[in-house]
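# Structural overview
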Amino acid sequence: MSNDSMSATSDFDELFKVNSVEYIKRSDDKSDSEIENIFKRLAELDNNNVKKDGCKYLIKILENILLDPSNLKTRRIRISNDVFTKYISNNGVLLKLFVSFGFVVVKEFYVLQVVEFHKLVNAYKQLIFMLDESFGLKHRSMESHFFDPFKSYKHNANVYANSESFELVSKDLTKIGIDEVYKDISERQDIASTLDDWNPSIKQELSPVRPSKIAADSNDSFSPSTASLIKMYNIGKNENFESKSKKELETLKTKSEHAKRCPVVELKIRLPKSTTLLIHVPVKSPVRTVRSNIQKILLDDVSLEDWHLVEFPIRRRINDDRTLLEEGIMFKSVLHFTFKEVQRNNYQVVKSEFLEKYKPRD
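About the thresholds
- Residues numbered from 1 in each chain as written.
- Predicted model: local features only at pLDDT ≥ 70, side-chain atom pairs only at ≥ 80, totals over all residues.
- Heavy atoms only, no water.
- Pairing = 2+ DSSP bridges.
- Helix = DSSP H or I, 4+ residues; strand = E, 2+ residues; numbered from the N terminus.
- Axes fitted to C-alpha atoms, helices over the stretch in contact; angles between N-to-C directions.
- Parallel < 35°, antiparallel > 145°, perpendicular 65-115°, else oblique.
- Contact = heavy atoms within 4.5 Å.
- Nonpolar A, V, L, I, M, F, W, Y, C, P; charged D, E, K, R; others polar.
- Salt bridge = Lys/Arg side-chain N within 4 Å of Asp/Glu carboxyl O.
- Phe/Tyr/Trp six-rings, centres within 6.5 Å; stacked < 30°, edge-to-face > 60°.
- Buried < 20%, exposed > 50% of the residue type's maximum accessible area, 1.4 Å probe, protein only.
- Lys NZ or Arg CZ within 6 Å of the ring centre and 35° of its normal.

## Considering the sheet that holds strand 2 (residues 76-78)
Pairing is antiparallel in the open sheet, where three strands are placed in the order 2-4-3. Looking at the sheet topology across the chains shown, the edges are occupied by strand 2 and strand 3 (104-106). When the angles between neighbouring strand axes are averaged without regard to direction, this sheet yields 30°. Pairing of strand 3 with strand 4 (residues 109-111) involves three bridges; the strand directions are antiparallel.

This is the structure:
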């Protein structure tokens, strides 16, 4: 580790001897009334550039913190900072409002050692409202991107590429990548096809074998490893979260690669009466096309609206309006024919002529 990085770490340790992020409002918290009084005083000031620019600067500070509360760099401001002095320090009301967020003086810095999340969000909303009410300025709220402790991701996009103009000028490159890959995997292979084109076979099991219950092992005891405990601890501290959009992009890329490597999926459809239909379908085929072709071999009193395909054990209904690839049905997959309302699992739904026609030939 370099001397500079060691020095930076030492500085943070000194500035953040107290370091916590509180997402739940405490019942004994009385600081909100203080902020409300300061906002009233701010509203009474003349609507000049000092007030306008000060509000915009405070909004920027709050956004940086709320997007990633665990980032200590956004929670300290040097008292002698020229921009801070120009927009905040030179105005007593704006400085009081800034301090009311929880900033304290440590050495030559203003430091936010305790982040009271709900308080900062409320102040953020009021500042946006004040810009609109006093100056007619519509500020695009970033609240939907604020860190959510109940979701396992944090916002990673560089939303302040041009911080001096207070405008969002950068692009979320991950989103662009997602759109490009999704366009590729959502291409449909919806050419005219019949069940015969998919090399079908139907197998009936006369006496299905049901798995026996596994008795619990009295000697089996779960003890979490040190690594898993550390992971749970870090999640509790809201650190090391994965980006949701990056994870989605990786998933889509994997699907796209699978489609190129294996364009046909071996699909087993579990039908009632211990019957299994085996077909080989292009992975980009719409689910509705698959169901429509299966429907042609079913009894006349079973309509397409009576049933759907379900993935077990998670009981996920497969969406007719998407392709097999979009639904993650790749390689070798098993889906279950399931009646929507009336359960007729002991009722043979396949016409006898097709049971014979598609019977496996030894």
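## Points about the packing of helix 3 (residues 49-67) against helix 4 (residues 82-89)
The N-to-C vectors of helix 3 and helix 4 enclose an angle of 125°; their axes lie 8 Å apart at closest approach. One way to sum up the angle between helix 3 and helix 4 is to call them oblique. Contacts from Asp53, Gly54, Tyr57 and Leu58 in helix 3 reach Val83, Phe84, Tyr87 and Ile88 in helix 4. Class assignment of the residues belonging to the contact of helix 3 with helix 4 gives a composition of six nonpolar, one polar and one charged.

## Some points on the pattern of salt bridges
All told, the structure shown has 13 salt bridges when counted by the stated rule. Linking Glu14 and Lys17 is a salt bridge whose minimum nitrogen-to-oxygen distance equals 3.6 Å. The residue Asp321 makes a salt bridge to Arg288 at a minimum N-O spacing of 2.7 Å. Separated by 33 residues along the polypeptide, Asp321 in the loop between strand 10 (316-317) and strand 11 (332-339) and Arg288 in helix 10 (residues 287-295) bring together distant segments of the chain.

## Description of the sheet that holds strand 9 (residues 307-311)
A sheet is described by the order of its strands in space; here six strands give the open sequence 6-8-7-11-9-10, paired in mixed fashion. Two strands in the sheet have a free side with no partner beyond their single neighbour: strand 6 (201-204) and strand 10. Relative to strand 8 (residues 275-282), strand 7 (residues 264-271) is paired through eight bridges, and the arrangement is antiparallel. Within the sheet, the bridge partner assigned to Val265 lies in strand 8 and is Val281. The strands touched by helix 10 within the sheet are strand 7, strand 8 and strand 9, with strand 9 carrying the most contacts at an inclination of about 125°.

## Quick notes on the packing of helix 4 against helix 5 (residues 92-100)
Running from N to C, helix 4 and helix 5 point in directions that differ by 110°, and their axes come no closer than 8 Å. Classified by the angle their axes make, helix 4 and helix 5 are roughly perpendicular. Between helix 4 and helix 5, the residues in contact are Phe84, Tyr87, Ile88 and Ser89 and Leu94, Leu95 and Phe98, respectively. Its residues assigned to classes, the contact of helix 4 with helix 5 shows six nonpolar, one polar and no charged.

## Notes on the packing of aromatic side chains
This model, assessed by the stated rule, comprises 10 aromatic pairs. Where Phe84 meets Tyr110, the ring centres are 5.5 Å apart and the plane angle is 50°; that geometry is what we call tilted. In this pair, Phe84 sits in helix 4 while Tyr110 sits in strand 4, placing the two residues 26 residues apart along the sequence. As far as burial versus exposure is concerned, Phe84 and Tyr110 are alike and both buried. With a centroid separation of 4.2 Å and an interplanar angle of 20°, the aromatic rings of Phe98 and Phe103 are classed as stacked. In this pair, the class of Phe98 matches that of Phe103, namely buried. Lying over the aromatic face of Trp307, Arg291 brings its terminal NZ or CZ to 4.6 Å of the ring centre.

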